[in-house]
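# Examining the three-dimensional arrangement
Each chain is listed here by its residues.
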Amino acid sequence: AVALRHQGPYHEIGKAFEQISAIFTSRGLWPNALGMIGIYHDDPSLKPEAELLSHAGVIVADNVAVPDELEEVRTAAGQVAVLHFKGPYAGLQPAYDYLFGTWLPQSGIEIADAPTYEVYLNSPAETAPADLRTDICVPMRR
């Protein structure tokens, strides 16, 4: 993915998505886009909100040049546990609470030391909040 770094509360990453969207629009890069991704590097229960690191990104093919104001960010290869979520982004926190608080501990799966990421399967610009679809992806240990 090509991405824009965001530091601070995760729920404020929308500003970074607006900025990367503006860059893609102004440079005519949308034909290269394969999807949108949010990459969340820190556990918010272990770090102050102001120090949380994330990236707002656009998934692109390997041969796409990275614009100067963006950086290339790759997700870890391998298996991931995926929670399919349907609904407004404001409802993602209870989904995370279930995934990390109930399902993962009961599953016996050990998570990898790699960032959790969200793949946005449709756009809030074209989709009602209740119909938004997001895959929450948690890399697993091999």
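Notes on the structure follow. Predicted, not measured: the structure shown is a model, and the values here were computed from it. (Residues numbered from 1 in each chain as written. Predicted model: local features only at pLDDT ≥ 70, side-chain atom pairs only at ≥ 80, totals over all residues. Heavy atoms only, no water.)

### Section: the environment of Ile13
- Considering the arrangement of structural elements, one finds Ile13 in the loop between β1 (2–7) and α1 (14–26).
- On the accessibility criterion, Ile13 (6% relative accessible area) is buried.
- With 59 residues separating them in the primary sequence, Ile13 and Glu72 have C-alpha atoms 17 Å apart.
- Ignoring anything within four residues of it in the chain, the contact list for Ile13 reads His6, Tyr40, Ser54, His55 and Ala56. (Helix = DSSP H or I, 4+ residues; strand = E, 2+ residues; numbered from the N terminus. Buried < 20%, exposed > 50% of the residue type's maximum accessible area, 1.4 Å probe, protein only. Contact = heavy atoms within 4.5 Å.)

### Focus: the side chain of Asp135
- Within the secondary structure layout, Asp135 lies in strand β7 (residues 133–139).
- Salt bridges are absent for the buried Asp135, whose nearest opposite-charge side chain, Arg133, sits at 6.5 Å.
- Within polar-contact distance, the side chain of Asp135 engages the side chain of His84 at 2.6 Å. (Lys, Arg positive; Asp, Glu negative; His and termini not counted. Salt bridge = Lys/Arg side-chain N within 4 Å of Asp/Glu carboxyl O. Polar contact = N/O pair within 3.5 Å; in protein donor to acceptor, adjacent residues only side chain to side chain.)

### So, the pattern of salt bridges
- The full count for this structure, using the stated rule, is 6 salt bridges.
- A salt bridge links Arg74 to Asp62; the shortest N-O distance between them is 3.5 Å. Linking Arg74 in the loop between β4 (71–72) and β5 (80–86) with Asp62 in the loop between β3 (53–60) and β4, this pair joins segments that are 12 residues apart in sequence.
- Using a relative accessible area of 57% as the deciding quantity, one classes Arg74 as exposed.
- The exposed category is assigned to Asp62, whose relative accessible area is 68%.
- Notably, a salt bridge pairs Glu72 with Arg74, separated by 2.7 Å at the nearest N-O pair.
- One connected set of salt bridges, linked through shared partners, spans Asp62, Glu72 and Arg74.

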